[in-house]
Amino acid sequence: MIELGPLHHVAVAVPRIEDALPFYRDTLGLAAGHVTELPDQRVRVVFVGDDRRRIELVQPLDPDTGVGRFVAERGRPTLHHICYVVDDLQGTLARLERQGVELIDRAPRHGAEGDVAFLHPRAAAGVLIELIDRATLSASIP
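Figured I'd write up the structure that's included with this text. Not measured: the values here are computed from a predicted model.

As for the overall build of the protein chain
Working step 1: Scanning the protein chain for helices and strands turns up three helices and eight strands.
Working step 2: Taken from the N to the C terminus, the helices and strands of the protein chain come in the order β-α-β-β-β-α-β-α-β-β-β.
Working step 3: The C-alpha atoms of the protein chain give 15 Å as radius of gyration, which agrees with the globular expectation for 142 residues (14 Å, within 12%).
Working step 4: The long-range fraction of contacts in the protein chain, counting pairs at least 24 apart against all pairs at least 6 apart in sequence, stands at 54%.
Working step 5: Taken as a whole, the protein chain presents about 7700 Å² of accessible surface, with 53% of it coming from carbon and sulfur.

What to know about the side chain of His 8
Working step 1: Among the secondary structure elements, His 8 is positioned in strand β1 (residues 7-13).
Working step 2: Within polar-contact distance, the side chain of His 8 engages the side chain of Glu 113 at 3.3 Å.

Structural notes on unusual backbone geometry
Working step 1: Even without glycine at this site, Arg 42 takes up a positive phi of about 55°.
Working step 2: Turning to its location among the elements, Arg 42 is positioned in the loop between β2 (36-38) and β3 (43-50).
Working step 3: Residue class for Arg 42 comes out partly exposed when judged on its relative accessible area of 39%.
Working step 4: Although it is not a glycine, Ala 125 sits at a positive phi angle of roughly 55°.
Working step 5: For Ala 125, the location among the structural elements is in the loop between β7 (115-119) and β8 (128-133).
Working step 6: The exposed category is assigned to Ala 125, whose relative accessible area is 80%.

Side note on the pairing of β8
Working step 1: Of all the six residues making up β8, six are buried; the element is thus mostly covered by neighbouring parts of the structure.
Working step 2: Burial along β8 is two-sided: the face carrying Leu 128, Glu 130 and Ile 132 and the face carrying Ile 129, Leu 131 and Asp 133 are both buried.
Working step 3: Pairing of strand β5 (residues 78-86) with β8, which is carried by six bridges, proceeds in the parallel orientation. Note on β8: the bridge partner recorded for Tyr 84 is Leu 131.
Working step 4: Direction of pairing for β7 relative to β8: antiparallel, over a ladder of four bridges. Opposite Ala 117, over in β8, you have Leu 131 as the bridge partner.

A word on the layout of surface pockets
Working step 1: Counted as a void, the largest pocket has a volume near 670 Å³.
Working step 2: If you trace the largest pocket, you find 33 residues lining it, with Val 67, His 80, His 81, Phe 118 and Leu 128 closest to the centre.
Working step 3: When contributions to the lining of the largest pocket are tallied by element, the ones reaching two or more residues are β1, β3, β4 (53-60), α2 (66-74), β5, β7 and β8.
Working step 4: With six residues, α2 is the single largest residue contributor to the lining of the largest pocket.
Working step 5: Grouping the constituent residues of the lining of the largest pocket by class yields 16 nonpolar, ten polar and seven charged.

So, the pattern of salt bridges
Working step 1: Within this structure, the stated rule accounts for 13 salt bridges.
Working step 2: A salt bridge links Glu 18 to Arg 16, with the shortest nitrogen-to-oxygen separation between them at 3.9 Å.
Working step 3: A relative accessible area of 41% places Arg 16 in the partly exposed class.
Working step 4: Linking Arg 52 and Asp 50 is a salt bridge whose minimum nitrogen-to-oxygen distance equals 3.9 Å.
Working step 5: Residue Asp 50 is classed as partly exposed on the basis of its relative accessible area, which comes to 26%.

Criteria and thresholds
Residues numbered from 1 in each chain as written. Predicted model: local features only at pLDDT ≥ 70, side-chain atom pairs only at ≥ 80, totals over all residues. Heavy atoms only, no water. Helix = DSSP H or I, 4+ residues; strand = E, 2+ residues; numbered from the N terminus. Rg over C-alpha atoms; globule rule 2.2 N^0.38 Å. Contact = heavy atoms within 4.5 Å. Areas by Shrake-Rupley, 256 points an atom, 1.4 Å probe, with all protein chains shown as cover. Polar contact = N/O pair within 3.5 Å; in protein donor to acceptor, adjacent residues only side chain to side chain. Buried < 20%, exposed > 50% of the residue type's maximum accessible area, 1.4 Å probe, protein only. Pairing = 2+ DSSP bridges. 1 Å grid on protein atoms, 1.4 Å probe; cavity = no way out; pocket = protein on both sides within 12 Å on 5 of 7 lines; lining within 4 Å. Points joined across faces, edges and corners; volume = space filled by probe spheres on them. Nonpolar A, V, L, I, M, F, W, Y, C, P; charged D, E, K, R; others polar. Salt bridge = Lys/Arg side-chain N within 4 Å of Asp/Glu carboxyl O.

Structural data, given as structure tokens:
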């Protein structure tokens, strides 16, 4: 068993951030951060909400990526993953692998707000789980 920290965010994959953002910002009244491009992951992201309720909108930049195929298959904004804070992400991944948990990432990679790694949906009853390392979180994140 691993120790999960707090829920960091819920991510929604969207065809275009500019089309989805008005609902979250203008209708729900959630503050929106800056749109950030992650070239190595071939996505654009923006976080909306605050420290207690955060949603990440994820837009694929390439249809041949996992997020690109995910959006193409659904054709509309859809829940993509949930993210939890953990201490010692590398150690957590090693423990999970020893326990036989199927991982997408065996080593952390740089995400929009810190080092992250993904657990395969087959390991979590069909849900994509992202883990983010507390020690690498951006200064504005608890």
